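Here are the chains, one letter per residue:
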Amino acid sequence: MPGRRRLPERMPSTPNENHQKTPASSESSRSSVSLGDRLKSPRTLVSFALAAAFIIFVFRNLDLNVSEIADNIASGNPFWIGLGFLAYYGAFPIRSWRWRKLMESAGIYKRGEHLPVYSIGSLSEIFVLSWFANCLVPAKLGDAYRGYLLRARAGVSFASTLGTIVAERFIDVFALVGLMVAAALLTFHGDVPEDVQLPLVGGGVLVLVGLVGLAFVARYRSALLKLVPERFSAPVDRLQGGVLSSFARQGWVPVTAATAVIWATEGLRVYCVAAAFDVQLSAPEAIFVALLASLLTVIPLTPAGLGVVESGTIIALKLLDVTDTDAATIALVDRGIAYWSVIVVGAVLWIVVRRRG
């Protein structure tokens with residue numbers, strides 16, 4: 001492509017050399033990230049069918065009365081539901097700030113660089129659009145879409161950016177599982193029910209696999225690159241570099257603090273939704289339910305865990321002695337905030353961005 005600078009065969013050894021700007025026009029033309037194509041794919045359609053099957057199965061097995069649930073939803077306190085919305089969407093700027101700190105550690109963003117694309121507002125916009133994509137297609141493809149959007153806007157390496165997103169996911173899983181175990185122990189006073197033990201064990205396995213994977217890549221990075229075909233060695237090297245450099249010690253404290261605030265807002269959202277229907281949850285209970293729901297989104301069967309999350313939330317609330325109707329109400333309204341509203345907001349934002357060019 002005329003005027004396009006060739007990418008080096010290997011990623012430079014110093015983190016700041018990652019900060020290479022390359023033309024974004026070619027990225028804009030890639031059909032592989034087309035949301036329309038992904039949405040119409042058989043895999044996506046099957047995933048939505050699975051989500052519907054999950055919800056129908058739970059409603060039938062718990063003998064839930066749809067009419068009662070609808071009446072209960074209509075009686076919800078709008079003040080508390082509004083606070084739930086604020087808690088959820090208020091976390092996006094914090095997530096964006098944390099992502100920028102990770103990009104700073106990886107050398108993609110330089111402190112004091114005042115490009116508009118790295119502003120919290122712009123990064124929050126990218127986050128919402130990526131969440132929108134995650135709500136439409138399975139397997140967390142919205143994360144790749146987030147990397148693509150930054151690549152298209154800032155011209156930075158897609159592989160390096162994706163590495164920071166992978167690192168962010170590692171951090172979230174580590175924090176999520178640790179906090180969920182603590183919340184479960186506090187909620188059930190050390191006697192965790194068997195139904196809760198399985199997701200805790202599954203989360204622990206994810207953490208273990210993540211730690212082993214990070215250690216393995218850090219130790220054998222050069223050897224692993226030799227196994228990769230030469231045409232893919234440069235992007236794979238950047239991906240590995242983006243992941244590993246994101247864990248820089250100098251940025252660990254602010255990233256950890258931001259992560260704690262992010263997960264606290266998740267618990268706050270569930271607490272507010274429950275309060276809207278006169279269900280009083282303690283802080284550990286609200287955090288436990290919220291984190292369990294987030295852990296279930298990791299399951300790649302449906303978009304953003306649709307169906308799986310609602311089912312898991314209802315079961316978790318029932319373990320806390322919440323009535324069937326209230327449990328289903330809270331689960332559906334909470335997902336109305338964390339899933340369906342994202343589709344609405346994301347669709348509007350997507351249209352605005354496309355018109356803006």
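(A) Focus on the overall build of the protein chain. In terms of helices and strands, the protein chain carries 15 helices and 0 strands. For the protein chain, buried positions account for 50% of its 357 residues. When contacts within the protein chain are restricted to residue pairs at least 6 apart in sequence, those whose partners lie at least 24 apart make up 76%. Entry remark: accessible area of the protein chain is about 17,200 Å², with carbon and sulfur atoms responsible for 65%.

(B) Just the side chain of T329, in detail. Looking at where T329 falls in the secondary structure, it is placed in helix 15 (residues 324-356). Residue T329 is classed as buried on the basis of its relative accessible area, which comes to 0%.

(C) Quick look at the pattern of salt bridges. A full pass over the atoms with the stated rule returns 13 salt bridges. With a closest N to O distance of 2.9 Å, R269 and E266 form a salt bridge. Residue R269 and its partner E266 are located together in helix 12 (residues 252-275), separated by 3 residues, close to a single helical turn. A single burial state applies to R269 and to E266, both of which are buried. A salt bridge links E310 to R335, with the nearest nitrogen and oxygen atoms 3.0 Å apart. Of this pair, E310 sits in helix 14 (residues 308-319) while R335 sits in helix 15, and the two are 25 residues apart along the sequence. Taken individually, E310 and R335 each receive the classification buried, so the pair is uniform in this respect.

(D) Layout of the nonpolar core. Core analysis: the biggest nonpolar cluster contains 82 residues, and W99, M103, Y118, L150, L281, F288 and I314 have the highest contact counts within it. Top element by residues in this core is helix 15. It accounts for 12 residues.

(E) Layout of the packing of aromatic side chains. A complete count under the given rule lists 15 aromatic pairs for this structure. Relative to Y89, the ring of F85 has its centre 6.5 Å away and its plane inclined at 5°; by these criteria the two rings are stacked. Taken together, the residues span about one helical turn, with F85 and Y89 both in helix 5 (residues 78-89) at a distance of 4 residues. Relative accessible area serves as the criterion here: at 21%, Y89 is assigned to the partly exposed category. With 4.7 Å between their ring centres and 85° between their planes, Y339 and W340 make a pair best called edge-to-face.

(F) Geometry of the layout of surface pockets. The volume enclosed by the largest pocket comes to roughly 780 Å³. Lining the largest pocket are 34 residues, with K140, R169, S294, T297 and V298 positioned closest to its centre. Secondary-structure elements contributing two or more residues to the lining of the largest pocket are helix 7 (120-136), helix 8 (141-154), helix 9 (158-187), helix 10 (194-226), helix 12, helix 13 (283-296) and helix 15. Take the lining of the largest pocket: its biggest share by element is 8 residues, from helix 9. Residues belonging to the lining of the largest pocket are distributed by class as follows: 21 nonpolar, 4 polar and 9 charged.

(G) The arrangement of the packing of helix 5 against helix 6 (residues 91-105) in detail. Orientation of helix 5 relative to helix 6, taken along the N-to-C sense of each, is 10°, at an axis distance of 4 Å. As far as their axial angle goes, helix 6 and helix 5 are roughly parallel. The segment helix 5 lies against helix 6, with A87, Y88 and Y89 engaging A91, F92 and P93.

(H) Quick peek at a nonpolar patch on the surface. Together, V46, L50, I299 and L301 line one region of the surface with nonpolar side chains, adding up to about 310 Å² of accessible area. The topology assignment puts V46 in helix 3 (residues 42-61).

(I) Highlighting helix 9. Look at helix 9: 42 Å from first C-alpha to last across 30 residues, which is about the 44 Å you get at 1.5 Å a residue. In the segment just after helix 9, H189 is the residue with positive phi, at about 55°.

(J) Spatial organisation of helix 5. Counted at 1.5 Å a residue, the expected span for helix 5 with its 12 residues is 16 Å, and the 16 Å between its end C-alpha atoms agrees. Of the positions making up helix 5, those classed as buried are I81, G84, A87 and Y88. Taken down its axis, helix 5 places every buried residue within 115° of arc, on the same side. Facing away from the buried side of helix 5 by over 90 degrees, the exposed positions are P78, F79 and L86. Where helix 5 is buried, its residues touch helix 6, helix 7, helix 12 and helix 15. Of the residues that open helix 5, the one with a side-chain oxygen 2.8 Å from the backbone nitrogen of F79 is N77.

(K) Here's a closer look at unusual backbone geometry. The phi dihedral of H189 is positive, around 55°, even though this residue is not glycine. Within the secondary structure layout, H189 lies in the loop between helix 9 and helix 10. Its relative accessible area of 72% is what places H189 among the exposed residues.

(L) Quick look at the environment of N65. By the secondary structure assignment, N65 is in the loop between helix 3 and helix 4 (66-74). N65 sits 263 residues away from A328 along the chain, and the two C-alpha atoms are 9.6 Å apart. Of note is the side chain of N65, whose polar atom sits 3.0 Å from the backbone nitrogen of E68.

Cut-offs used in this document
- Once a new chain begins, its residue numbering starts again from 1 and follows that chain's sequence as written.
- Per-residue local features are limited, in this predicted model, to residues with pLDDT of at least 70; the limit for side-chain atom pairs, both in listing and counting, is 80 or more; totals at the level of whole chains, interfaces and linings are taken over all residues.
- Only hydrogens and water are set aside when side-chain values are computed; all heavy atoms of the structure are taken into account.
- Labels follow the DSSP assignment, with helices taken as runs of H or I lasting at least four residues and strands as runs of E lasting at least two, numbered in each case from the N terminus.
- Each residue is placed in one exposure class: buried if its accessible area under a 1.4 Å probe, protein chains only, is under 20% of its type's maximum, exposed if it is over 50%, and partly exposed if it falls in between.
- Residue contacts are defined here by distance: any two heavy atoms, one from each residue, within 4.5 Å place the two residues in contact.
- Surface accessibility follows the Shrake-Rupley procedure with a 1.4 Å probe radius. Residue values consider only the protein chains on display as shielding.
- One side-chain nitrogen of Lys or Arg within 4 Å of one carboxyl oxygen of Asp or Glu is enough to make a salt bridge.
- The term nonpolar core refers to a set of buried residues drawn from Ala, Val, Leu, Ile, Met, Phe, Trp, Tyr and Cys, joined through side-chain atoms within 4.5 Å.
- Any pair of Phe, Tyr and Trp rings, taking the six-membered ring for Trp, is counted once the centres come within 6.5 Å. Such a pair is stacked with planes under 30 degrees apart, edge-to-face with planes over 60 apart, and tilted for the rest.
- Cavity and pocket criteria rest on a 1 Å grid covering protein atoms alone: a 1.4 Å probe that fits but cannot get out defines a cavity, protein on both sides within 12 Å along at least 5 of 7 lines defines an open pocket, and an atom within 4 Å of a point defines a lining residue.
- Grid points are joined across faces, edges and corners, and a volume is the space filled by probe spheres set on the points.
- Charged residues are taken to be Asp, Glu, Lys and Arg, nonpolar residues to be Ala, Val, Leu, Ile, Met, Phe, Trp, Tyr, Cys and Pro, and polar residues to be all remaining types, Gly included.
- All axes are obtained by fitting lines to C-alpha atoms, using only the stretch in contact for helices, and the reported angles, taken between N-to-C directions, cover 0 to 180 degrees.
- Every angle not falling under 35 degrees, over 145, or within 65 to 115 is termed oblique; those three ranges are roughly parallel, roughly antiparallel and roughly perpendicular.
- Patch rule: a residue counts if its relative accessible area is over 30% and it has no salt bridge; like charges are joined within 9 Å, and nonpolar side chains (Val, Leu, Ile, Met, Phe, Trp, Tyr) within 5 Å.
- The span expected for a helix works out to 1.5 Å for each residue beyond the first.
- Working definition: the arc comes from the directions between the helix axis and the C-beta atoms, pointing outward to the latter.
- Whenever two N or O atoms come within 3.5 Å, that pair is a polar contact, provided that in protein one can donate a hydrogen and the other can accept it, and provided that, for residues adjacent in sequence, both atoms are side-chain atoms.

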